[in-house]
Each structure stands twice: as C-alpha cells, then as structure tokens.
Amino acid sequence: MYTNLIRKQLLKSMTKFWHLQSIKCSVRITNTAHSNVDQLKLKSRFGREVRTYCNNYTEASNQRQCSDINNTRNGKETSLESYETEKVNGEYVVNVNAEAEGDENVTIKNLLYDERQDDIMELLHSCENCAELNKLVLKFADRLKKEHVIQSVILMGSLTKDALNENLLRYLLTRLEPYILDLNINEASCTFLYLRKMQVPKTHPVMCGLLTKALDSVNDPLEFVDLAAVSQLAVAINTGRDFFTPILCANFINRIHKYIKKCRTAEDARLLAICVLNLQPLIDYEILNAFKERISILLQNGVISANCPKVIVKLLNMLNIGVWSHKNTALIRDLLTALKPCVKQLEGNVLKNVCRIYLYNMEPATLHESLAVALEDLLNREMSPEALAYFVPFSEPVRRNALINTFKTFVNSSKVWEHSNSTAHLFSALRALKISDTSICDMYWNGVLKELNYASETDIGQLRFLRHCHRYMYFNNNLGGTYRHLGVEQRLSQMAIRAIKYDVFGRIPQIFARLASFVFAYGHTPHYVKKYPNILLSKIINMAEQFTPGDCFLISRGLYISLELRYRYQIPPLVNMQLATIDSVLASCAERCLNISEENQHSLHDLNWLVRCLSNRKTLKNSVIYHRILAKYKDVKCDDLNSRILKDMAYIFTTTNYLVPEILESMLEYITNNYEHIGGETVEKVLTCAYNLGYIPKSSEPLQKASLIMLRDFNYMNGLSLVQACLALCFYKAISQELIDKVFCVNFIERVENEIQMCYSKATYPERVLNLVMQLNRSVCLDYPECNVPWFQQNFIEAHVSNKPFHESTFSRDVRKFLETLLQDESYFRCNHVTPYGYQIDFVIHFDKDKKAIKAPTETTMLHRITKVAILLLKLDSFCENDLKALRGPDSLKVKHLEMMGYKVLRITEHEWNSKYMNANQAKRNYLKCLLQITN
C-alpha cells in the first residue's frame, strides 16, 4: 500500500524540502549515506501485515544529533553583532521536542478518558508512581480493557522519572497489541507518542502497528482527524530524530492548511505551533504567513493574551527558529508585548526561554524592565550560573562588581562544574560581565580544559567541543587578541584537525568551516609557523561550490586571527601562496552567492556576511567583487527591518564607510515608527553610523525619538554607548537639556571611570572613551553654550599632544613646500596648529583686510580686522567610500566648529592633490593661489 505512496511523496516532499532547506543539502546527503531507508514489513501476531516507513540510521549517526550539529543545520546563524557583544544564540539550545510536547502534567491523566468512566479508570488516575501503577495493573489484569491499557501506557510515560519498569512496559505492549486495529486516531497517536518517550524501539511490532494505524487515518481525506492527534503524531515522529519527517509527514500539510483556517482558540494556536515546529522542513512561507495572520487576529481579539502565557511561549519558540525568525520579528515583538503583564508569574524555565528570545530579537524594549525584575527575583531564589547568565545582560552597570564576585564563587566551585551545560552558562556570564582579570579568565578556561581532557569518545564524536571553539574565538577577540590559553588552543586544535581528517563531519561544508576556522586561527599543528595544513586547502577547494556566505565568513575570520597572532610582522612565502589560493576561493564564492541572492531580506543577510568576509582579507577589500557587493545595498528593500538587522547594517556601514542614503533613511524611520520597542543600544549604533557617514536625515523626528530613548534606557546602557549617542545627537543639534544634565554630572563621570577600570582592552579602551568624552564636552560647549557646561578637557588635550609626536606626511610636506613658495615667508603660516578646544589644523594663515598674508597677530584687538584661514588636508578616509564628495560626520563637525571659532576653512583633498592634472607645470601652485584668492 505504501510503496506507491513513498514514490509519489518522495519527489513531492524532497522537491519542497530542498527548496526550503538548501543549506542542509550536504547534511542530508551524509545522513543518506549512513542510512538504510526501507519499508519495514513485519508480520504481526494478530494476523495483519503491518507496513511502515522506518529510517534506520546507524547507532553512531543517531548519537551524533547533538545540539551543535542541529544548530548548524536548523539553528540561527551567528549574528554579526555577536562579533562585538553578547552572543545569546547557541549558548542556550532549546530542545525542540521538549518544547513541542508541552502537555500539562495536570491534564495528562484526562488526556483521553474521564476518570469517572469506571472504577478501574478512577484507580488508575489516583496512581502517583510506577510502583502503584504496576500493582494495580497486575491486580486487575483480567478486567483490563483497551481504554485501561492505553491509560496505563500514558500514565507510565508521564510518571517515569528515573528507572523504567521494563516488565510492566513489556506486559502493557503485549496487552495493547490485539487492540491496535480498534484504536481511533487519538488513541493511536497518543499511545505512540508516550511509547516513543519511553524509547520503545520503532521496529517493535506494536510501534509499527500504531504508526501505520495513525498514518492511515491522517492520509485518508474522508476521515476526520483532530488537531490534537496530528500534533501528538508529529511530535512522536520527530522524537529521537530517527524518521525522515518530510517523507513520512507529507500528507499532514493539507490538514494543516484546514486547521489554520479553523483556528479560533488559544489551544488551537498552541497545537498548530507544535505541528509547524515539528513539520518545519515541509512548511513554506505560504503556510507560515497564513498562520501568522491567524495569530495576529487572535491577538487583536484578545483570544491570545497574558492569560495564556504557555501558548504565547509555544508560539514564540515556533516563530523564533533560525530558518524564518527574520521574517517574524513584528509578530514575535507583539507576542512578547502581550506577555508583559505576566512576566513576574512565569516559571523559571519559561522565563529563561522568554529571556533568550528577547535577547536575540532585542525587542520590545518595554519588556526589558519587567524581565530585569523577574530575573533578579529568579537569581535570588535560584543562585546558579544559569540564572546569573540570564540576569547579567539586564543588570545595571553599577551592580557589576557584585556580580563579578558571584561569578568568581561559581567558577571556583567544583560542584558547579559538575552540572550539565555549566560551561555555557559560565561563559555567557563571563562575556556579558566583560571581565578582563586574566586570573578569573584562567579559572574558567582551566575548567574547560579539564572537561575537554576527560571528554568521552561519544562527546568528541558528537563535536561538542565545537561550542568551545566558537566561544574561545569570540572571547579572544573581545580582549583584542591579548588573552591566550595555550592549553585550550592545543587541545581544541587537536580535536578539530582529527575531526577534519577522520570524521564524516569533516566532509560537511557547514561544519568543516567551523572546524577549519579554529585551526586556521590558532594552529598548533605540525609546521603551523610555516604553513597551514594542506588538508584544509584541499577541502576548501573541493567544497568551494557548497559554502554559504556564513561559511566564507568563518574561514576568513580564522585567517584574520592567524595573521594577527602568528604572521603579523612577516608572512612566510608558503603561507602567502596558500592565502592567494584561499582568497580566490572566497572571491568566487562571494560572486556565486551574490548572483543567486534573490529574496530581499535573505540577500541582505547574506550581503552582511559577504562584506564581513571580504573585509577580513586586505587583499580582497578593494577587489571588484567587494565593491559590487557594497553597491548591491542600493537595490535592497528594507520592508522587514528589525533591531538585529539594524545593528548588523550599522556595523557594516560604519566599518566600510559606505553611504546608502535610502537604507539609512529607512533605519532612522524605523526608530520613529518603533521607538517604544527599539532599545537604546540599537539606537546608538544607528546614530553613530549616520553621524560617522555624515548623513543628514530628512526629518528631525527620529532624532527627537532617539533622545527620548536614551533617557529611557540611560541606566541600562554602558557609558561608551551613551557618550557616542550624545555626540551624534550634538552633531544633529538634537540633544536635550535633560540628557546633557545627566551626562555631565559627577555620577556619570564616576560610572565611566569604573567602566574604564573594568574594561576588556586596557591598551585602547580607556583612550577611546576619554577621547569621545572630550569630543562631547567640546561639542556641547560650542553648540550649546546656554547649558553652561564647563570645558574641563584642557589637561587631556595637552597630554594627548605631548604624547603624540608630530609626523609630517608626504602630502603635508608637499603642500607646505608650495605654501612657502607662494607666501615667500614661513612665518606667514603655522603648521600643525592646535586650537583651544583641541582641534588640530594642518595650516593656519592670517590675512589682512587687503587679502595679504601677515604674521600671526599677538594683540587680540586686531582679530576683527584680519581673516583666519584654516587649511585642512583631507585624506580618502575623510570621505565616504562610494562618494568622494560626501564628507564624513567627524570632519563635517570639525569644519562647523572651526567656522564657529572664527576660521575660514579651506579643504585640500589628497586624491585631488595627487591627481594627474595636478602634475602639470605650476598646477599645484596655481591651485593654492586660487584657493587662497591671492592675486599677485
């Protein structure tokens, strides 16, 4: 019966599956190679030939379905933002099956039958453990009916916590077998689900019979099938991941369509969320959008509200999976907002789940305070690394020292390290706290090394060490590459190169890229000082056509770290040759990915990865494909923006200095339309990006909203972000008096000083923060004199000038030479002049009222009769990458402030000064003469 069905459904399901899951292609191929997909024909005792589909993966392949591999295949890709700040995704992996089941314990006993049905059913409902159930079953063995046997199976599955009563299970299976043909779809699916939970082999005759019975009902278009039964069957099939869902569940989709149209209650929405989550490979955007539309209607009508938090959480888990989370941001935000009134009442695990989803989507901001309070209560009740890891991102900076002491207590406790997933929770807290004390860092990584050294072959085979590779690379990056733990590097490198050489995962491009990235970065392989392992290059060449933009980014990032750590001063000839080969592969992959990108939001996501990939390689940064990718941003539509994409794009445009006015306007418009939902950290990134590029918004409304957001989130944002946001608002003349008063006060200055003491990179961070504070102080003094903020940065300016000796560039020397020729006296101009507010001017010339150059006057009474001319020498980085006429924000602000200080500002650009036509005889002299309006 099912032979023809397999053939028909295989083509249909696989076509849709590959279309939706092209990234998973190589993983599926590998699974097929290690699988034996056959119809299992088993002759049952009750005389009926039972047939079912069984996907018999090998035991080793089954065991390797670990969270890291599932993340690679089904999870979210690492956001670009994780390059700088917290990485939430990947640290707390949601068990999809556990989330999908979601049956309330209090309703399990009444799942199918009423306890008042008869006396035996009533006694069954009263059982509190398997021992009581066993006694009861044996006592009434001769009176047990079909309903009693099924109820016993359900109760056993829900009551089993530790040891499974195998004798009871075998007895129940024997009693159940004769009734299989008489079961309805609800009984068959529910029984099959709980037997799967108890890990009864799928090849058992009863299991085959139950599955066949259930599938017959679902596949029969004339038979009514309850939504609850379909959800239970979908979960059961997905449990254990040893069935190939797209083939087995292909006919579920027609019913899902009908259920969505009839969805009227919160319970319907919950069950549909379970179905969609478990049938994800078969769900296309048509089904997803129809379901989203139905959820929105139920939200508007109040059917889904804070009164049903677990329904909302179920929907959030379904919408937040990586394949389509970027398409669901608005609905996720609405569901989280609906959850706000009951956040404090959420159970611990549910609260953590909500927190994880919120941190990934970074919206809505209105939920931040409620989550902070609830997580603080959770931390007080449950003092654990997991609770600490979730609370730290919501804590105020003033509590950092106390939280660091808590972390030290945890990391020093041997009992903490024995808990499952403790390394993930400790790492998340370590990164979020931005601990730079190497002794504390050593404590954590020593614990990781101990865990790696005692890892079983099963753990190694499941590539669980990959999570440590990822964490170490990003942790090392946050500390500017200054922190190294050689023991961890060596152990992880050994495990990674072994997996690449001998494991099947070394043949899967998405996993190979993660392994190779770490080996590239830290080496510790034979001859790693002189070259990269040859096997890495051969595999990169062979897999080139299968790499995604994310894979390319990982490889380029590993190369970037290696060049910084090992080859910063000298690159061996062999390494240069290998780099040239890899560069050609990355460039070809980038071009291929660029050509096949079609969907707007997906292509935008890929564009971000490709730009980051090529930016890691200096040799590719000015290539044709690099500029083609940047130009592609002009064609992108920003209909589905969200906070995460805003931060990613702001980072890209800030680091590349690439100006796309349409996208910047869309980003600022998003702030206007969603100011209640968007967080201060995200707004700061957008403001800094716009200021850095010198973009002037069409309206002042987004700037006014941004100022309000800064005030709202002032206590939760770090000092550097606040200073950068205020500086950008000053540039746009949009900072409020209240925000100025909050920044220029003793409390905030002390807060910044504390951050400097606790910062990651002692070499650069303090100087960066102090320089930005100086710039903000200067801008407020010049642009907002009415605020009466004093200038208190003169000592910093003088120290900065004295510590930074003047080095005259070739460009500056050439201009000075022509000025000497033109003015005929060196005393008529000053070089490298520093103004009272710390602005450095390349050349200052004074002219009298007859436009003749004079020496700098010593009397202030003469200033109104002379003209001060400031000549600024501008290099290419003073302009946007794609527009050499668009002056960037910092230089524009400098010009404006110098004009406010009485200077007439003239600009000489390096690219124009060194252009071909300026090489003509007397061209440069005449250019200066015309610029300065000198007639003689």
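Residues numbered from 1 in each chain as written. Predicted model: local features only at pLDDT ≥ 70, side-chain atom pairs only at ≥ 80, totals over all residues. Heavy atoms only, no water.

**Student:** An account of the overall build of the protein is needed here, citing residue identities and associated values.
**Tutor:** For the protein, the helix and strand inventory stands at 49 helices and nine strands. Burial statistics for the protein: of 936 residues in total, 57% are counted as buried. Sequence separation of at least 24 residues holds for 74% of the intrachain contacts in the protein that already meet a minimum separation of 6. Roughly 41000 Å² of accessible area belongs to the protein as shown, and the carbon and sulfur atoms make up 50% of that amount. (Helix = DSSP H or I, 4+ residues; strand = E, 2+ residues; numbered from the N terminus. Buried < 20%, exposed > 50% of the residue type's maximum accessible area, 1.4 Å probe, protein only. Contact = heavy atoms within 4.5 Å. Areas by Shrake-Rupley, 256 points an atom, 1.4 Å probe, with all protein chains shown as cover.)

**Student:** Quick rundown of the pairing of strand 9 (residues 903-909)? Include the residues and the values.
**Tutor:** Taking burial as the measure, the seven residues of strand 9 include five buried ones, the bulk of the element. Bridge analysis of strand 6 (residues 867-874) against strand 9 gives seven bridges, and the strand direction is parallel. Directly across from Leu 872, in strand 9, lies its bridge partner Arg 907. (Pairing = 2+ DSSP bridges.)

**Student:** Account for the packing of aromatic side chains, naming residues and giving values.
**Tutor:** Going through the model one piece at a time under the given rule, you end up with 26 aromatic pairs. Arranged with centres 5.8 Å apart and planes meeting at 80 degrees, the rings of Phe 818 and Trp 913 form a pair that is edge-to-face. One end of the pair, Phe 818, is in helix 46 (residues 810-823); the other, Trp 913, is in helix 48 (residues 910-913), and 95 residues separate them in sequence. For the pair shown, Phe 818 and Trp 913 are each scored as buried. Put simply, the rings of Trp 417, Phe 427, Tyr 444, Trp 445, Tyr 472, Phe 475, Tyr 483, Phe 518 and Tyr 522 touch in pairs and so form one group of aromatic residues. The ring of Tyr 285 has Lys 327 sitting right over it, with the charged end atom 5.9 Å from the ring centre. Between Lys 868 and the ring centre of Tyr 903, over which it is positioned, the NZ or CZ distance is 4.2 Å. (Phe/Tyr/Trp six-rings, centres within 6.5 Å; stacked < 30°, edge-to-face > 60°. Lys NZ or Arg CZ within 6 Å of the ring centre and 35° of its normal.)

**Student:** Any chance you could break down the pairing of strand 4 (residues 840-847) for me, citing the residues and the numbers?
**Tutor:** By the criterion of burial, strand 4 is predominantly enclosed, with seven of the eight residues buried. Examined bridge by bridge, strand 3 (residues 829-834) and strand 4 share five bridges and lie antiparallel to one another. Counted as the bridge partner of Phe 829 is Ile 845 from strand 4. From the end of strand 3 to the start of strand 4, which pair antiparallel, there are five residues, and Gly 838 there has a positive phi angle of about 90 degrees. Here strand 4 runs beside strand 6; their pairing, made up of five bridges, is antiparallel. What sits directly across from Phe 847, in strand 6, is Thr 867. In sequence, strand 4 turns back onto strand 5 (residues 853-854) through a hairpin of five residues, with Lys 851 there showing a positive phi of about 65 degrees.

**Student:** Go over helix 31 (residues 534-543), please, and point to the residues and values.
**Tutor:** Looking only at helix 31, the buried set comprises Leu 536, Leu 537, Lys 539, Ile 540 and Met 543. Along helix 31, the residues classed as buried sweep out an arc of 170 degrees about the axis, all on the same side. (Arc of directions from axis to C-beta.)

**Student:** Go over the pattern of salt bridges, please, and point to the residues and values.
**Tutor:** Applying the stated criterion to the full structure yields 24 salt bridges. As a salt-bridge pair, Glu 386 and Lys 352 come within 3.1 Å of each other at their nearest N and O atoms. Highlighted residues: Glu 386 in helix 22 (residues 385-391) and Lys 352 in helix 20 (residues 348-361), separated in sequence by 34 residues. Note on Lys 352: relative accessible area 4%, which makes it buried. The salt bridge partner of Lys 817 is Asp 814, with a shortest N-O separation of 3.7 Å. Here Asp 814 and Lys 817 lie together in helix 46, a separation of three residues that amounts to about one turn. One salt-bridge network, in which partners are shared between bridges, spans Lys 146, Glu 147 and Glu 187. (Salt bridge = Lys/Arg side-chain N within 4 Å of Asp/Glu carboxyl O.)

**Student:** Describe the nonpolar core, with residues and values.
**Tutor:** Membership of the largest hydrophobic core comes to 287 residues, with the highest contact counts inside it found for Leu 195, Met 318 and Phe 653. Excluding residues that lie within four positions of it along the chain, Phe 653 makes contacts with Tyr 633, Tyr 658, Val 660, Ile 663, Met 667, Cys 689 and Leu 693. (Core = buried A, V, L, I, M, F, W, Y, C linked by side-chain atoms within 4.5 Å.)

**Student:** Tell me about the side chain of Asn 657, residues and numbers included.
**Tutor:** Take Asn 657: it is sitting in the loop between helix 37 (643-656) and helix 38 (661-673). Note on Asn 657: relative accessible area 14%, which makes it buried. The contact partners of Asn 657, leaving out residues within four places of it in the chain, are Asn 692, Leu 693, Cys 880, Glu 881, Asn 882 and Arg 888.

**Student:** Please provide a residue-by-residue account of the packing of helix 40 (residues 701-712) against helix 41 (residues 719-731), values included.
**Tutor:** For any two helices packed against each other, the geometry comes down to the angle between their axes and how far apart the axes lie. Between helix 40 and helix 41, whose axes approach to 11 Å, the crossing angle comes to 155 degrees. In this view, helix 40 runs roughly antiparallel relative to helix 41, as classed from their interaxial angle. Relative to helix 41, helix 40 is oriented so that their crossing is left-handed. Contacts between helix 40 and helix 41 involve Leu 703, Ala 706, Ser 707 and Met 710 on the former and, on the latter, Leu 722, Ala 725 and Leu 729. Of the residues contributing to the contact of helix 40 with helix 41, the split by class is six nonpolar, one polar and no charged. (Axes fitted to C-alpha atoms, helices over the stretch in contact; angles between N-to-C directions. Parallel < 35°, antiparallel > 145°, perpendicular 65-115°, else oblique. Left-handed = near helix turned anticlockwise from the far one by under 90°. Nonpolar A, V, L, I, M, F, W, Y, C, P; charged D, E, K, R; others polar.)

**Student:** Lay out the packing of helix 13 (residues 227-238) against helix 16 (residues 266-278) in plain terms, naming residues and giving numbers.
**Tutor:** Running from N to C, helix 13 and helix 16 point in directions that differ by 30 degrees, and their axes come no closer than 9 Å. With respect to helix 16, the element helix 13 is oriented roughly parallel. The element helix 13 and its partner helix 16 pack so that their crossing is left-handed. For the pair helix 13 and helix 16, contact is made by Leu 227, Ala 228, Val 230, Ser 231, Ala 234, Val 235 and Asn 238 and by Asp 268, Leu 271, Leu 272, Ile 274, Cys 275 and Asn 278, respectively.

**Student:** Any details on the confidence of the model for the protein? Residues and values, ideally.
**Tutor:** When the pLDDT values of the protein are averaged, the result is 82; 85% of them are 70 or greater. With pLDDT under 50 throughout, residues 1-106 is counted as low confidence; its partners more than four residues away or in other chains account for 247 contacts. (pLDDT = per-residue confidence, 0-100.)

**Student:** A description of unusual backbone geometry should follow, citing residues and the corresponding values.
**Tutor:** For the bond from Glu 363 to Pro 364, the omega torsion is -5 degrees, close enough to zero to count as cis. With respect to the element layout, Pro 364 can be found in the loop between helix 20 and helix 21 (368-381). Even without a glycine there, the phi angle at Asn 788 is positive, about 60 degrees. Tracing the chain through its elements places Asn 788 in the loop between helix 44 (765-783) and helix 45 (794-803). In the Ramachandran plot, Asn 832 falls in the positive-phi region, its phi being about 50 degrees despite a non-glycine side chain. Residue placement: Asn 832 occurs in strand 3. Residue classification places Asn 832 among the partly exposed residues on the basis of a relative accessible area of 25%.

**Student:** For helix 13, give the residues involved together with the corresponding values.
**Tutor:** With 12 residues, helix 13 ought to run about 16 Å at 1.5 Å a step, and its terminal C-alpha atoms sit 17 Å apart, in line with that. With respect to burial, helix 13 is a largely interior element, 11 of its 12 residues being buried. Every buried residue of helix 13 is accounted for by Leu 227, Ala 229, Val 230, Ser 231, Gln 232, Leu 233, Ala 234, Val 235, Ala 236, Ile 237 and Asn 238. Put simply, Asp 226 is the residue that caps the front of helix 13, since its side-chain oxygen is 3.2 Å from the backbone nitrogen of Ala 228. Immediately beyond the C-terminal end of helix 13, within one or two residues, lies Gly 240, with a positive phi of roughly 90 degrees. (Expected span 1.5 Å × (residues − 1). Polar contact = N/O pair within 3.5 Å; in protein donor to acceptor, adjacent residues only side chain to side chain.)

**Student:** Account for the environment of Asn 289, with residues named and values stated.
**Tutor:** Mapped onto the fold, Asn 289 is located in helix 17 (residues 285-300). The class for Asn 289 is partly exposed, based on a relative accessible area of 41%. Taking C-alpha positions, Asn 289 is 9.4 Å from Lys 327, a pair spaced 38 residues apart along the chain.

**Student:** Account for the side chain of Thr 525, naming residues and giving values.
**Tutor:** Looking at where Thr 525 falls in the secondary structure, it is placed in the loop between helix 30 (509-522) and helix 31. Residues within four places of Thr 525 in sequence aside, it is in contact with Val 519 and Pro 533.

**Student:** Describe the environment of Tyr 472, naming the residues involved and giving the relevant values.
**Tutor:** Relative to the assigned elements, Tyr 472 resides in helix 28 (residues 466-478). On the basis of relative accessibility, which here comes to 0%, the residue Tyr 472 falls in the buried class. With sequence-adjacent residues up to four places away left out, Tyr 472 is seen in contact with Trp 445, Tyr 483, Arg 484, His 485, Val 488, Glu 489, Phe 518 and Tyr 522. A polar atom in the side chain of Tyr 472 sits 2.8 Å from the backbone nitrogen of His 485.

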